[in-house]
Amino acid sequence: MDNSPVVTQVDTSLNYTQEDGLRLRSPVVFDSPKQNSMSSEADFDSRMMQRCLELARRALGRTSPNPLVGAVVVKDGEIVGEGFHPRAGEPHAEVFALRAAGDRAHGATVYVNLEPCNHYGRTPPCSEGLIKAGVAKVVVGMVDPNPLVAGGGIARLRAAGVEVLVGVETEACQQLNEAFVHRILHKKPFGILKYAMTLDGKIATTVGHSAWVTNQAARSEVHQLRAACDAIIVGGNTVRQDNPFLTSHQVEAHNPLRVVMSRQLNLPETARLWETQEAPTLVLTEVGANPDLQTILVKLGVEVVELPTLTPAQAMMHLYERGFCSVLWECGGNLAASAIAQGAVQKVMAFIAPKIIGGSHAPTPVGDLGFTNMTEALPLENVRWRVVGSDCLVEGYLPQ
Ligand SMILES: Nc1nc(O)c(N)c(N[C@@H]2O[C@H](COP(=O)(O)O)[C@@H](O)[C@H]2O)n1
Ligand SMILES: [Zn+2]
């Protein structure tokens, strides 16, 4: 007998208000359960977990230092409540999902992509909320590496007689929160080095012209990537040469903090970064650098922070202290090389355009790392590649 849960489809797009964006007003269930039943409980669990990830993604770029979390409450095979964590300081995903489910949470199964918390932080423990609501089972995507939780939520639920299943769609859950996990484990933000280069490894022509290396599809993928990150870092050269906006160029999408690293603060008085207001801008410099420009920038609404010494590692430390999880390096080759050398880059995303510009002095994405022997080359791990429009995206992780 197939006693797997009935699968129903909930179209939530119509049920979220613009203002709260958080709760399912009234769960809408459609599709006859029998017509659309999945073959096994595992398939159903997997699908519900994917729904959690989908909900979690609604807060992309907005939750740091907290993780991206979505939760779904299922009763008698139907989704009766959904929620996601919108930003740090606000209730957790489980709370919104339980609120939406109301009394129907009693005896229900709750799916959540991260272990329910078990501590009093900015909000009370979700483990207690789930127990109080009388849920029968909790399906967890991954254990929370936060030492304040780290298995404690699961243990608390089990001690209260709640059945707990851990490890559904774990890889996808880990990937969604890779920056949060890195921040928790390494006490540093997760650095992503992104660049676009031609097939012959150039990021611009010999005279510095770089608009555009990649096609429109790749550029919109970069805009989505920006919307998912907390900050973007460039160096002074990028501001002087490219005069970029560094925004996510998407309606209602999150815009990351735009960070310029400039030790001597030899930056132009006019730049798109200072003139566009849709995203905040931070200039990191060294103590005492160019006080006149500092005054001008501050008047323009730019935040200027002087550090005793400005290096990629120091910049990352500063961003960690501000509660950031993910930082996108969109800088030139020299800064990229320093960032790699100082452990400020964990992931590389290289867009490769099938074109050739040549030029032995044309800039390349990563400057001198001081390597002379091929055996010193940094091998990327977990490499994946896919076609984006007419370009190719290769991504992988630097050994840590
Ligand atoms: N399971 C779960 N769901 C959420 O929606 C969450 N935001 C978390 N976060 C965990 O709790 C910590 C933050 O707690 P406060 O928001 O400060 O109360 C965070 O570090 C995660 O470990 N977990
Ligand atoms: Zn919680």
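Parameters and conventions
Residues numbered from 1 in each chain as written. Chains lettered and ligands numbered in written order. Predicted model: local features only at pLDDT ≥ 70, side-chain atom pairs only at ≥ 80, totals over all residues. UniProt positions renumbered as here; feature names shortened; annotations may be inferred. Pairing = 2+ DSSP bridges. Helix = DSSP H or I, 4+ residues; strand = E, 2+ residues; numbered from the N terminus. Axes fitted to C-alpha atoms, helices over the stretch in contact; angles between N-to-C directions. Contact = placed C-beta atoms within 7 Å. Buried ≥ 20, exposed ≤ 12 C-beta atoms within 10 Å, placed from the backbone. Near = placed C-beta within 6 Å. Nonpolar A, V, L, I, M, F, W, Y, C, P; charged D, E, K, R; others polar. pLDDT = per-residue confidence, 0-100. Expected span 1.5 Å × (residues − 1). Domains from an automatic or database assignment.

In the nomenclature of an unreviewed UniProt entry, the protein corresponds to Riboflavin biosynthesis protein RibD from the organism Nostoc piscinale CENA21. A UniProt comment under Function (unreviewed entry) is attached to the protein, and it reads "Converts 2,5-diamino-6-(ribosylamino)-4(3h)-pyrimidinone 5'-phosphate into 5-amino-6-(ribosylamino)-2,4(1h,3h)-pyrimidinedione 5'-phosphate."

J.: Explanation requested: the sheet that holds strand β1 (residues 70-75) in the structure shown.
T.: Strand pairing within a sheet occurs via backbone hydrogen bonds; the two strands may be parallel or antiparallel. Taken together, the 5 strands give an open sheet; going across it, the order is β2-β1-β3-β4-β5, and neighbouring strands pair in mixed fashion. Looking at which strands have only one partner, the edges of the open sheet turn out to be β2 (78-84) and β5 (163-166). Sheet twist, expressed as the mean angle between neighbouring strand axes with direction ignored, is 15 degrees. This element, helix α4 (residues 152-159), spans β4 (137-140) and β5 of the sheet and lies at about 150 degrees to β5.

J.: What exactly am I supposed to notice about the UniProt feature "binding site: substrate" (unreviewed entry) in the protein here?
T.: The UniProt entry lists Ser 210, Arg 226, Leu 246 and Glu 330 under the feature "binding site: substrate" (unreviewed entry), expressed in the numbering used here. Following the sequence through the fold, Ser 210 ends up in the loop between β6 (190-198) and α7 (216-228). Not counting residues up to four positions away in its chain, the partners in contact with Ser 210 are Ile 203, Ala 204 and Asp 242. Within the secondary structure, Leu 246 is located in the loop between α8 (236-242) and β8 (257-261). On the basis of neighbour counts, which here come to 26 C-beta atoms within 10 Å, the residue Leu 246 falls in the buried class.

J.: Just checking my understanding: could you explain the sheet that holds strand β10 (residues 303-307) for this structure?
T.: Read across the sheet, 9 strands follow the order β10-β9-β8-β7-β11-β6-β12-β14-β13 without closing on themselves; strand pairing throughout is mixed. Edge positions in the open sheet fall to β10 and β13 (381-388), since each of these has one partner strand only. On average, each strand axis in the sheet is tilted by 20 degrees relative to the strand beside it, whichever way the strands run. In the sheet, strand β12 (residues 347-353) pairs with strand β14 (residues 391-397) via 6 bridges, with the strands oriented antiparallel. Paired with Ile 352 across the two strands is Cys 392, which belongs to β14.

J.: Just to check I follow, could you spell out the environment of Leu 380 for this structure?
T.: Along the polypeptide, Leu 380 turns up in the loop between β12 and β13. With residues near it in sequence (within four places) discarded, Leu 380 still touches Val 348, Gly 396, Tyr 397 and Leu 398.

J.: Just to check I follow, could you spell out the site of ligand 1 for this structure?
T.: Close contacts around ligand 1 come from 20 residues, with Val 69, His 85, His 92, Gly 121 and Asn 146 the closest. Across the shell around ligand 1, the residue classes break down as 10 nonpolar, 6 polar and 4 charged.

J.: Got a minute to help me understand the confidence of the model for the protein in this structure?
T.: Reading fine detail from the predicted coordinates is not recommended where pLDDT is low. Averaged over every residue, the pLDDT of the protein is 91; residues scoring 70 or more account for 90%. In the predicted assembly, ipTM is 0.98 and pTM is 0.90.

J.: Quick question: what am I supposed to make of α4 here?
T.: Residue pairs three or four apart in sequence face the same way in an α-helix, which turns once every 3.6 residues. Where α4 is concerned, the buried positions are Gly 152, Gly 153, Ile 154, Arg 156 and Leu 157. Once α4 finishes, Gly 161 follows within two positions and takes phi at roughly 90 degrees, a positive value.

J.: Looking at this structure, I do not really get the UniProt feature "active site" (unreviewed entry) in the protein. What am I missing?
T.: Feature annotation in UniProt assigns "active site" (unreviewed entry) to the following positions: Glu 94. Tracing the sequence through the fold places Glu 94 in helix α2 (residues 93-101). Apart from the residues within four sequence positions on either side, Glu 94 is in contact with Ala 71, Val 110, Val 112, Pro 116, Cys 126, Gly 129 and Leu 130.

J.: Help me understand helix α1 (residues 41-56), please; the structure alone is not making it clear to me.
T.: Look at α1: 22 Å from first C-alpha to last across 16 residues, which is about the 22 Å you get at 1.5 Å a residue. Within the sequence span of α1, burial applies to Phe 44, Asp 45, Met 48, Met 49, Arg 51, Cys 52, Leu 53, Leu 55 and Ala 56. Each element contacted by the buried residues of α1 is listed here: β1, β2, α2, β3 (109-112), β4 and α5 (170-176).

J.: Explain unusual backbone geometry to me, please; I cannot follow it from the model alone.
T.: Trans is the prevailing form of peptide bonds, just as negative phi is the prevailing case for residues other than glycine. In the segment running from Ser 64 into Pro 65, the intervening peptide bond is cis, with an omega of 5 degrees. Tracing the chain through its elements places Pro 65 in the loop between α1 and β1. Here the residue pair Ala 211 and Trp 212 is connected by a cis peptide bond, since its omega of 0 degrees sits within 30 degrees of zero. On the secondary structure map, Trp 212 appears in the loop between β6 and α7.

J.: How should the domain arrangement of the protein be read in this particular structure?
T.: In many reports, interface size means the accessible area that the parts give up when they come together. If you check the domain split of the protein, you get domain 1 (43-176) and domain 2 (188-397). Within the side of domain 1 that touches domain 2, the residues separate by chemical class into 2 nonpolar, 2 polar and 1 charged.

J.: I tried to follow the environment of Gly 333 on my own but got confused; where do I start?
T.: Assignment of secondary structure puts Gly 333 in helix α12 (residues 333-341). Given 18 C-beta atoms within a 10 Å radius, Gly 333 is considered partly exposed. A C-alpha to C-alpha distance of 9.9 Å links Gly 333 and Gly 235, two positions 98 residues apart in sequence. Setting aside anything within four residues of it in sequence, one finds Gly 333 in contact with Pro 363, Thr 364, Pro 365, Val 366 and Gly 367.

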